[in-house]
Amino acid sequence: RFADQFGTRPALILSCASGSAFFLLTSISTSIPLLFLSRLPAVFMHGLPGAQKVIADLTTPSQRADALGKMGLCFGISIIIGSALGGVLSTKFGSSVCSPCVFPPPCYTDWKLLGNHRLQVSVYPWREVRGMSSSVGTSQSGSVFSIREILRLMKFPGVMEVFIVKVFSGLPIGLFLIMFSIISMDFFGLEAVESGYLMSYFGVLQMVVQGLVVGKLTNHWTEGTLLRLSVFVFAGVGLGMALMRTVWHYCIVAVPLVFAFSTLGTVTDSILTKAVPSSDTGTMLGICASVQPLTRTVGPAIGGVLYKQFGVSSFGYLQLIVNIGLFVYLLKSKILLREMKSH
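Residues numbered from 1 in each chain as written. Predicted model: local features only at pLDDT ≥ 70, side-chain atom pairs only at ≥ 80, totals over all residues. Heavy atoms only, no water.

**Concerning the packing of aromatic side chains**
Across all of its chains, the model carries 12 aromatic pairs by this definition. Seen from their ring centres, Y201 and F202 are 6.2 Å apart, and the 75° between their planes marks the pair as edge-to-face. Overall, the relative accessible area of 29% leaves Y201 in the partly exposed class. The exposure class assigned to F202 is buried, which follows from its relative accessible area of 9%. Grouping aromatic residues by their ring pairs yields a cluster made of F176, F180, F187, F188, Y201, F202, Y250 and F315. (Phe/Tyr/Trp six-rings, centres within 6.5 Å; stacked < 30°, edge-to-face > 60°. Buried < 20%, exposed > 50% of the residue type's maximum accessible area, 1.4 Å probe, protein only.)

Below you can see the structure in the form of structure tokens.
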């Protein structure tokens, strides 16, 4: 919403500046109160919606899903390098090396890098193109934190329904991923370095799916079809998770899992941004980005209970049941998706 009202570049500058403050405060945190204080700048540290806003402004509606999918390349690279490096460092040197509170230099490095990004964003000769200039200041009046304006977007045809699908379809697997650090050690018997390599494997899959596969699929199939396909695959993933017993089983299940996860996120973001006026794409992308923090908020409590009481298979059965229900619902909502496309 800040980008809708003041422009994409100011929003990215604010995000990078907040990131610099976040890592600087974290690096000097020597107490619990200061550690909690260091998290406050993260309120404005949202580079992903800002980057997605740029893509939404620079692409036509038919190109948007493909372009949003290719953003997965950068996240895949970060997962590959970060997970492998983190596993090796924690194994060879202990967890203190990976803790910015005990070992400040890595955090200072992040702070300096973010400072450089902030400088690049502020001096980069942004081109005045369609959307990036016309959308600034045309958003509805009101505070950046106006709940009324955010809820207004939910009243557009089909927006609430697709957003609900986005939240609940990926919620069970989100609970599993939150508990994965414990599951990898307790259920799979992996060491830290092995868990890091496994996450790098996920990064490779994400790069391939989002960078190559999703774009090609959007050229041949409609977004409504891909949405239903991702939900259907998610249901199959749930069945596979319920039956898996070893880490090798999980590596097999990970292929359709990453496909469904990446396709669902990319397609729903594209559908929802095209369902609202161009002056509100930043707000809608921010709403979409709130799904993962919502999962991280409720996930530890729910995931902990599921794992302790029913085991790993409970995540799979929950995934299967929820997505079968959503798939049946989507099969009956063709009119809804057609209305959103025409809008």
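**With respect to the nonpolar core**
In terms of nonpolar packing, the biggest core is built from 55 residues, with F176, M241, Y250 and F315 touching the most fellow members. Looking at this core, the elements with two or more residues in it are α10 (159–178), α11 (180–186), α12 (192–220), α13 (223–243), α14 (247–274), α15 (281–289), α16 (291–310) and α17 (313–331). Here the element with the most residues in this core is α14; it accounts for 13 residues. In this structure F176 touches I183, M241, M244, Y250, V312 and F315, once residues within four positions along its chain are discounted. (Core = buried A, V, L, I, M, F, W, Y, C linked by side-chain atoms within 4.5 Å. Helix = DSSP H or I, 4+ residues; strand = E, 2+ residues; numbered from the N terminus. Contact = heavy atoms within 4.5 Å.)

**Here we look at the environment of K274**
You can see K274 is positioned in helix α14. Between the C-alpha atoms of K274 and R64, which are 210 residues apart in sequence, the distance is 9.0 Å. At 3.0 Å, the side chain of K274 forms a polar contact with the side chain of E223. (Polar contact = N/O pair within 3.5 Å; in protein donor to acceptor, adjacent residues only side chain to side chain.)

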